[in-house]
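# Overview (structure and organization)
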Amino acid sequence: MDSVRVAIIGAGVSGAAIARRLSEYDLSVALIEKEADVSFGTSKANSGIIHGGFHHNTKYLKARLEVQGAGMYPQLHRELGFPYRRCGIVVAAFTPEEMTAVEHLYRQGVDNDSAGIELCGADRIHGLEPKLHSDVIGGLYAPAGGIIEPYRFVFALVENAEQNGVRVLRGFDVCDATFSGDAFTVTSGDGRSIRADFVVNAAGLHADEVSARFGAESFTIHPRKGEYHLLDRRTAACPDRVVFPVPTSVSKGMLVIPTVEGTVLLGPTADAVDAKDDVDTDGSRLGEIVTSAQRLIPSVSAKDIITSFAGLRPALDDGDFLIRESSAVPRLIQVAGIQSPGLTAAPAVAELVKDLLKEAGCELTERRSFTRTLAPVRRSRLLDDEELHDAWRADPDAGEAVCRCETVTRDEVRAAIAAGHTTLDGIKFYSRAGAGRCQGAFCTPRLIQIVCEETGRSATEVTKRGPGSELLVDRLPGTPDTPAVRTGTTRPTRSRTTPNAGADRRVDAIVIGGGAAGLAAASEIAQAGFHALVVDREPALGGILRQCIHNGFGLQEFEEELTGPEYAERYVEEADQHRIDRVTSTTALAIRGAAADAPTDAQGFITTLLSKRRGVAHVRSRAVVLAMGSRERNRGSIQIPGSRPAGVMTAGAAQRLINIEGMIPGKRTVIVGSGDIGLIMARRMKLIGADVEAVIEIQPVPSGINRNIVQCLDDFGIPLYLGHVVTAIHGSRRVNGVTVAPIENGVPRTDRSFQIDCDTVLLSVGLIPENELSRELGVRLHTQTNGPIVDASLMTSVPGVFAGGNVLHIHDLVDYVAEESRRCGRAVAAYLNGDAATAQVPIAAGSNVRYVVPGSVRVGATSTHYLRSMIAKVGAKVEVTVDGEVVQTAREHHVQPSEMISVEIDGTSLQPDASVEVSIR
Amino acid sequence: MIAENQKLVTIRRDERERTCIVCPIGCRLTIDVNDDRTLSVSGNRCKRGKEYAEEEFRDPRRTVTATCAIRGAAVARLPVRSSAGVPVDAIAGFLARVYELRLDAPVSRATVLLSDVDGSGVDLVATATMERVDAEQEEDDG
Ligand SMILES: Cc1cc2nc3c(=O)[nH]c(=O)nc-3n(C[C@H](O)[C@H](O)[C@H](O)COP(=O)(O)OP(=O)(O)OC[C@H]3O[C@@H](n4cnc5c(N)ncnc54)[C@H](O)[C@@H]3O)c2cc1C
Ligand code: SF4
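The rules behind these values
- Residues numbered from 1 in each chain as written.
- Chains lettered and ligands numbered in written order.
- Predicted model: local features only at pLDDT ≥ 70, side-chain atom pairs only at ≥ 80, totals over all residues.
- Heavy atoms only, no water.
- Helix = DSSP H or I, 4+ residues; strand = E, 2+ residues; numbered from the N terminus.
- Rg over C-alpha atoms; globule rule 2.2 N^0.38 Å.
- Buried < 20%, exposed > 50% of the residue type's maximum accessible area, 1.4 Å probe, protein only.
- Contact = heavy atoms within 4.5 Å.
- Areas by Shrake-Rupley, 256 points an atom, 1.4 Å probe, with all protein chains shown as cover.
- Lys, Arg positive; Asp, Glu negative; His and termini not counted.
- Charge placed at Lys NZ, Arg CZ, Asp CG, Glu CD.
- Salt bridge = Lys/Arg side-chain N within 4 Å of Asp/Glu carboxyl O.
- Near = heavy atom within 4 Å.
- Polar contact = N/O pair within 3.5 Å; in protein donor to acceptor, adjacent residues only side chain to side chain.
- Expected span 1.5 Å × (residues − 1).
- Arc of directions from axis to C-beta.
- Nonpolar A, V, L, I, M, F, W, Y, C, P; charged D, E, K, R; others polar.
- Phe/Tyr/Trp six-rings, centres within 6.5 Å; stacked < 30°, edge-to-face > 60°.
- Lys NZ or Arg CZ within 6 Å of the ring centre and 35° of its normal.

What follows concerns the overall build of chain A. Looking only at helices and strands, one finds 21 helices and 52 strands in chain A. Computed over the C-alpha atoms, the radius of gyration of chain A is 30 Å, within 12% of the 29 Å expected from 2.2 N^0.38 for a compact globule of 921 residues. In terms of overall dimensions, chain A has C-alpha extents of about 95 × 70 × 65 Å along its principal axes. Burial status across chain A gives 63% buried among its 921 residues. For chain A, the share of sequence-separated contacts (at least 6 apart) that also reach a separation of at least 24 residues comes to 69%. Element-wise, carbon and sulfur atoms account for 48% of the exposed surface of chain A, whose accessible area totals about 32700 Å². Taking the 97 positively charged and 114 negatively charged side chains of chain A as two groups, their mean positions are separated by 2 Å.

This paragraph deals with the pattern of salt bridges. Residues and elements named next belong to chain A. A complete count under the given rule lists 79 salt bridges over all chains for this structure. The partner of Glu35 in a salt bridge is Arg733, with the nearest N and O atoms 2.8 Å apart. Of this pair, Glu35 sits in the loop between β2 (29-32) and β3 (49-50) while Arg733 sits in the loop between β38 (724-730) and β39 (737-744), placing them 698 residues apart in sequence. Judged by its relative accessible area of 14%, Glu35 falls in the buried class. Judged by its relative accessible area of 26%, Arg733 falls in the partly exposed class. Across the pair Arg749 and Glu744 runs a salt bridge whose closest N-O atoms are separated by 2.7 Å. The partly exposed category is assigned to Arg749, whose relative accessible area is 27%. A relative accessible area of 30% places Glu744 in the partly exposed class. The network of salt bridges with common partners includes Arg20, Arg21, Glu24, Glu79, Glu351, Lys354, Asp355 and Arg372.

All names here are of chain A. The immediate surroundings of ligand 1 are formed by 33 residues, with Ala517, Asp536, Ala588, Asn806 and Val814 found nearest. Residue Asp536 places a side-chain N or O atom 2.5 Å away from an oxygen atom belonging to ligand 1. Interatomic distance of 3.1 Å between a backbone N/O atom of Arg537 and a nitrogen atom of ligand 1. With the chains in place, 92% of the 1000 Å² that ligand 1 exposes on its own is no longer accessible. Sorting the residues of the shell around ligand 1 by element identifies α13 (516-527), β26 (551-553), β29 (586-593) and α21 (814-832) as the ones contributing at least two each.

A few words on helix α1 (residues 47-58) of chain B. Quick reminder: α-helices carry 3.6 residues per turn. Residues three or four places apart thus point the same way. Look at α1 of chain B: 17 Å from first C-alpha to last across 12 residues, which is about the 16 Å you get at 1.5 Å a residue. Regarding α1 of chain B, the residues found buried are Gly49, Tyr52, Ala53 and Glu56 of chain B. Along the long axis of α1 of chain B, the arc covered by the buried residues comes to 100°, so they all point the same way. Of the exposed residues in α1 of chain B, those oriented more than 90 degrees away from the buried face are Lys47, Glu55 and Arg58 of chain B. Elements in contact with the buried residues of α1 of chain B: α19 (706-713) of chain A together with β1 (17-19), β2 (28-33), β3 (39-42) and β4 (61-62) of chain B.

Further remarks concern the side chain of Asp320 of chain A. Residue and element names in this part refer to chain A. Structurally, Asp320 is set in the loop between β18 (305-315) and β19 (322-325). No salt bridge is formed by the buried Asp320; its nearest oppositely charged neighbour, Lys62, is found at 5.5 Å. A polar side-chain atom of Asp320 sits 3.0 Å from the main-chain amide nitrogen of Lys62. If we skip the residues at most four places from it in the chain, Asp320 touches Tyr60, Leu61, Lys62 and Gly337.

Taken together, Cys20, Val22, Cys23, Gly26, Cys27, Asn44, Arg45, Cys46, Arg48 and Gly49 of chain B form the complete shell of residues around ligand 2. Classifying every residue of the shell around ligand 2 gives five nonpolar, three polar and two charged.

Residues and elements named next belong to chain A. Using the criterion set out here, one finds 17 aromatic pairs over all chains in the structure. Both rings, one in Phe184 and one in Phe214, keep their centres 5.5 Å apart while their planes meet at 75°; by these two values the pair is edge-to-face. With Phe184 in strand β11 (residues 183-188) and Phe214 in the loop between α6 (207-213) and β13 (222-231), the pair connects residues that are 30 residues apart, well separated along the chain. Ring pairing ties together the aromatic residues Tyr73, Phe82, Tyr84 and Phe153, which thus form one cluster. Just above the ring of Phe442 sits the side chain of Arg446; from NZ or CZ to the centre is 3.9 Å.

Geometric descriptors of this kind do not, in isolation, establish any biological role.
Following this line, the structure appears as structure tokens:
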């Protein structure tokens with residue numbers, strides 16, 4: 001049996017800080033954690049605030065440790081490099097009564113020696129935080145407060161402690177503790193044991209149970225839940241400082257917190273709960289969070305929520321920390337009740353525990369070779385092009401973008417795994433892969449593959465956060481056990497990649513995205529005699545079609561029914577015929593316009609590309625075609641409350657896992673959303689031998705087409721619940737069920753809700769055009785389509801930049817994607833030819849029309865437009881009016897919101913000042 | 001957003017009730033078998049609905065799409081389809097044959113992988129082209 005001088009139970013921020021502090025001494029130390037990774041308890045889900053030292057009275061131990069700990073952060077940050085920003089804290093008061101309360105806080109802060117604390121009048125506070133509500137009359141400012149990424153702090157502490165000899169035992173659940181002779185024996189559930197002369201109980205929520213196992217004093221930890229929303233980096237509501245309301249008697253209130261990573265946290269709530277694993281989010285509380293946050297900062301919008309989560313504070317009855325040698329069991333140091341401000345206080349807690357150990361007889365002599373600093377963790381996203389290219393020279397994996405939202409490269413994921421983080425949550429916390437707006441929909445299959453390659457595990461062994469949270473349940477017959485040998489960077493089918501793409505290249509048009517849209521546009525550009533370059537991050541061209549193995553494509557265009565891959569290959573072959581240049585396994589990181597004063601031959605655009613083969617490369621072009629397709633809306637977008645277990649994924653991610661990777665993501669499925677993707681996936685799950693318990697649709701009508709309802713659901717007897725909503729997801733590690741409620745008068749009838757058991761929830765709740773690159777380029781987006789606003793020639797608000805396919809608006813049929821993108825390609829050719837732009841007239845979306853794309857018509861020509869109906873109707877009319885007079889009527893057999901309508905608008909006799917409107921009646 | 005003039009589509013509870021899928025209207029068809037074994041179809045707005053109902057009643061078929069295990073390609077699965085509709089009762093057997101297959105790259109699109117599966121007259125066809133990726137390159141990339 002191994003034996004150490006000190007065993008620390010619990011690798012949250014307290015245990016980690018203690019371990020790192022003790023590693024400065026000549027001492028053998030073990031850090032024991034029951035979860036699969038460190039920081040998986042309270043330390044992962046909290047506000048990440050370094051408090052300002054004014055919330056608590058000095059009579060509390062926690063108040064003293066808060067101020068002392070806060071003061072230690074700047075140095076720790078220099079040594080360990082975790083994300084930390086001393087941004088300061090403001091407390092905003094709306095009334096004179098609140099101002100009086102603020103003055104109390106100020107006094108407390110002064111008593112606690114909170115550095116630089118001040119009272120603010122209206123001008124001062126609005127100057128400090130311009131995003132505050134205009135009704136704020138004043139408040140308090142504590143410049144010493146700040147923000148950190150809590151798990152990154154814990155990871156850094158643990159990594160540094162390990163460097164200095166601390167042993168970390170993960171998955172070690174302390175079940176038994178005995179004292180014999182002169183030492184403790186601590187045993188885990190799986191039979192491992194370790195002997196220690198001293199033990200520190202830093203077991204967070206479970207400190208009371210651990211104390212009992214040692215036969216030490218009894219106390220009770222009360223879990224108190226805090227729920228949060230996380231907002232996308234894109235939000236307009238990111239404050240410069242942490243913004244607090246004036247606290248109430250029960251809590252510090254709900255805050256608006258900027259994060260070091262540029263996202264925004266809203267919350268937390270404070271609710272006592274019974275179970276120590278109850279981290280479910282609650283629908284009604286989540287609504288309150290947004291409302292409270294908007295009171296402080298009006299620009300907060302629920303639209304920007306990317307995920308919601310909850311954490312538990314381990315509170316003792318008296319609300320204070322309990323840190324002392326056990327009165328019943330000598331040499332056991334209790335570190336319990338570490339709720340807020342536990343993060344802030346952690347370095348000071350470690351200091352105190354070190355002193356307590358010394359008093360208890362643990363001699364401490366400083367280690368001669370203590371490594372104080374940690375090598376910085378590289379972030380590809382934050383590097384400029386040159387730095388990233390250098391990183392790629394050193395490690396070609398820096399050229400492979402794995403997570404698209406956060407631009408995390410493969411080497412960063414490898415670094416996370418090398419640092420001991422082998423679960424997807426661990427990798428996310430370390431590298432941010434999966435932490436962005438798509439919440440892992442894109443990168444999860446890739447991450448699973450990398451974990452397999454790096455650890456030799458099979459795909460079914462990879463977990464979200466440890467045993468019980470496996471992501472995949474099985475493989476399809478014949479799929480190899482480990483996906484290791486089929487890395488996505490293999491040679492693409494019949495590719496003709498251009499030599500020396502690493503150097504600056506010049507083309508007429510660059511096409512971002514090689515799906516149906518990109519290929520169709522590029523073919524037209526090439527046919528007109530121009531040089532087009534297609535870029536795609538996947539190893540093969542074809543886009544999303546490659547994973548849509550079902551039939552139903554091309555009926556309009558080819559008058560035969562093709563599967564997705566067949567349709568895609570037709571387009572790839574057409575591109576081959578036109579000898580179109582292409583680079584695959586290559587991500588476009590940014591597009592920028594050349595400087596306005598650049599010489600004529602250097603005008604246009606510069607696109608930054610990243611690939612494993614060439615690192616960072618730049619392509620100059622006169623025109624740009626945006627054809628990036630779309631991404632799926634996810635759980636955060638529709639805010640399904642409940643727990644966050646493995647087994648919840650978007651339908652498209654499941655489709656990829658099944659059809660490309662050959663995996664089985666689950667055996668009992670509930671599908672949320674009755675769009676075509678959800679329906680197709682319902683049948684797909686059935687055909688791979690899984691059960692589909694239900695499809696839940698919030699609308700009273702299905703959003704998929706009839707054929708799919710019949711052939712994907714009815715054929716298999718899968719129930720479709722129309723007008724129902726999933727009100728909660730259950731299961732702590734893997735999903736075990738959902739609660740479903742009928743909708744009445746627009747609200748869920750929770751009294752009539754029922755539960756459906758399942759191990760998988762697939763979300764098919766819509767697609768969103770993927771416009772990050774467009775947005776950064778300054779392209780204006782349409783509020784209805786979420787795609788660029790385009791003129792009659794599909795040109796965006798940035799001259800020379802065009803768009804087609806799902807990046808422009810979501811299409812129901814790929815045939816329309818191709819048709820539109822061919823038009824786009826021809827317009828690009830006309831632009832490159834220097835054809836003079838003709839006058840255009842905007843088209844208004846009239847009655848029952850959600851939008852019209854393109855939203856203008858060319859004077860003197862006839863053009864094709866796509867509309868979306870807001871109503872479903874048999875025998876409808878599409879009417880075009882000019883200056884209020886109906887000039888054109890087209891009969892539509894049947895219209896419905898999920899089906900696109902194509903109309904030809906005749907602009908031959910239009911006056912340039914006419915007002916044109918399209919309606920459905 | 002509900003069509004005032006369209007019935008809500010609900011799940012099929014009864015074999016006599018079918019949704020016509022020939023056009024997007026999706027008429028709800030009611031099918032009765034007459035004594036002379038002909039069908040009486042009601043609910044259809046046009047004659048295509050009746051034809052559909054007859055086919056669905058007498059010889060329902062579905063195109064089957066799936067994937068097969070493939071070795072030596074860039075990915076582990078090759079997408080495949082049936083060359084024509086498979087009688088619905090034979091789909092399970094058809095899939096079993098698909099899942100038994102172990103292919104080796106290269107395979108090109110439209111290759112018949114199995115012909116006349118279980119005497120159904122329907123073939124199994126590859127729907128994508130997969131080139132061979134040699135082992136050495138695989139290791140380089142790993
Ligand atoms: C499950 C499912 C079922 C469907 N069923 C049908 C059907 O039966 N019939 C039908 O007609 N249509 C169907 N569709 C719709 C149709 O497949 C899509 O509308 C169409 O394929 C979209 O084409 P696209 O080129 O716009 O987008 P995509 O195919 O998504 O192509 C975009 C490409 O851009 C690449 N890209 C994005 N950003 C970057 C970057 N920064 N750098 C490099 N590359 C980038 C992506 O990797 C991708 O390859 C279905 C879709 C799905 C998902
Ligand atoms: S019966 Fe005719 S109108 Fe009705 S859904 Fe079938 S094809 Fe359409």
